[in-house]
Amino acid sequence: KIKSFILLLTTLTILFITACSGTSEEDIAGTWKPVETNIVADTITADKDQIIAMERLEKSVYFVLNEDMSMKAVTSGMSIKGTWSFDKEKGHIYVLFEGSGSQEPSYLGEYSHGKLIKYHETKDLKITTTYDKE
């Protein structure tokens, strides 16, 4: 009985340590493609064509986040290179695009339960896009 208890306790300890180890950059590195887009629109100022165009744009962009912290955003055969970083405490991913002129990285999204969730707003739209890693 004691050996079984010690084995069970050791197994639970290992599982706890593994579960609490958190997300690392290696977990995030990879190609992220959109799987779902949700748009909430101000129907007074946003028209149907604007909503459809934004949804099409969101579904056309994917991100390649490399282990060396380089990245690229790809859409319609074009790509924009840059670098990425990960704030482990918040679960936030940030990107800095080459040639943007900015010294500060932009918020890309949140890594949560194996998904990348990007949220942003325009004057008329609130857009949430969920990405899965290939």
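Please read these numbers as outputs of a predicted model, since none were measured by experiment.

Analysis parameters
Residues numbered from 1 in each chain as written. Predicted model: local features only at pLDDT ≥ 70, side-chain atom pairs only at ≥ 80, totals over all residues. Heavy atoms only, no water. Helix = DSSP H or I, 4+ residues; strand = E, 2+ residues; numbered from the N terminus. Buried < 20%, exposed > 50% of the residue type's maximum accessible area, 1.4 Å probe, protein only. Contact = heavy atoms within 4.5 Å. Areas by Shrake-Rupley, 256 points an atom, 1.4 Å probe, with all protein chains shown as cover. Pairing = 2+ DSSP bridges. Core = buried A, V, L, I, M, F, W, Y, C linked by side-chain atoms within 4.5 Å. Phe/Tyr/Trp six-rings, centres within 6.5 Å; stacked < 30°, edge-to-face > 60°. Lys NZ or Arg CZ within 6 Å of the ring centre and 35° of its normal.

Draft legend 1. Region of the structure containing the overall build of the chain. Of the regular secondary structure elements, the chain holds three helices and eight strands. Overall, the chain shows an N-to-C arrangement of helices and strands of α-α-β-α-β-β-β-β-β-β-β. Counting the 134 residues in the chain, one finds 27% classified as buried. Nonlocal contacts in the chain, meaning residues at least 24 apart in sequence, comprise 47% of its contacts between residues at least 6 apart. For the chain, the accessible area works out to roughly 9200 Å², and carbon and sulfur atoms hold 56% of it.

Draft legend 2. Just the environment of Asp 87, in detail. Structurally, Asp 87 can be placed in strand β4 (residues 78-87). On the basis of relative accessible area, Asp 87 is assigned to the partly exposed category, the value being 24%. Look past the residues within four positions of Asp 87 in its chain and what remains in contact with it is His 92 and Tyr 94.

Draft legend 3. Inspection of the pairing of strand β3 (residues 70-75) at higher detail. One ladder, built from four bridges, connects strand β2 (residues 62-65) with β3; its direction is antiparallel. What sits directly across from Tyr 62, in β3, is Val 74. With antiparallel pairing between neighbouring strands as the criterion, β2 and β3 make up a hairpin whose turn holds four residues, including Met 69 at a positive phi of roughly 75 degrees.

Draft legend 4. Region of the structure containing the environment of Val 64. Relative to the helices and strands, Val 64 is located in strand β2. Spatially, the C-alpha atom of Val 64 lies 5.7 Å from that of Gly 30, the residues being 34 residues apart in sequence. Among all residues touching Val 64, those that are not within four sequence positions of it are Gly 30, Thr 31, Ser 70, Met 71 and Lys 72.

Draft legend 5. Main features of the nonpolar core. Counting residues in hydrophobic clusters, the biggest one holds 16 residues, and the most contacted among them are Ile 28, Trp 32, Phe 63, Leu 65, Trp 84 and Ile 93. Of all the secondary structure elements, the ones that give two or more residues to this core are β2, β3, β4, β5 (92-97) and β6 (106-112). Beyond its immediate chain neighbours, meaning those up to four positions away, Leu 65 contacts Ile 28, Ala 29, Gly 30, Trp 32, Ser 70, Met 71, Trp 84 and Ile 93. Grouped together as the second largest cluster of nonpolar side chains are five residues, Ile 39, Met 54, Leu 125 and Ile 127 included.

Draft legend 6. Focus on the packing of aromatic side chains. Under the definition given, this model contains three aromatic pairs. Between Trp 32 and Tyr 111, the aromatic rings sit 6.0 Å apart at their centres with planes inclined by 85 degrees, giving edge-to-face as the arrangement. In this pair, Trp 32 sits in strand β1 (residues 30-41) while Tyr 111 sits in strand β6, placing the two residues 79 residues apart along the sequence. Tyr 111 matches Trp 32 in its accessibility class, with the two residues each being buried. Plain terms: the ring middles of Tyr 94 and Tyr 107 are 6.0 Å apart, the flat faces sit at 65 degrees to each other, and that makes the pair edge-to-face. Residue Tyr 94 is found in strand β5, and its partner Tyr 107 is found in strand β6; the two are separated by 13 residues along the sequence. Here Lys 33 stacks its cationic end above the ring of Tyr 62, 4.5 Å away from the centre of that ring.

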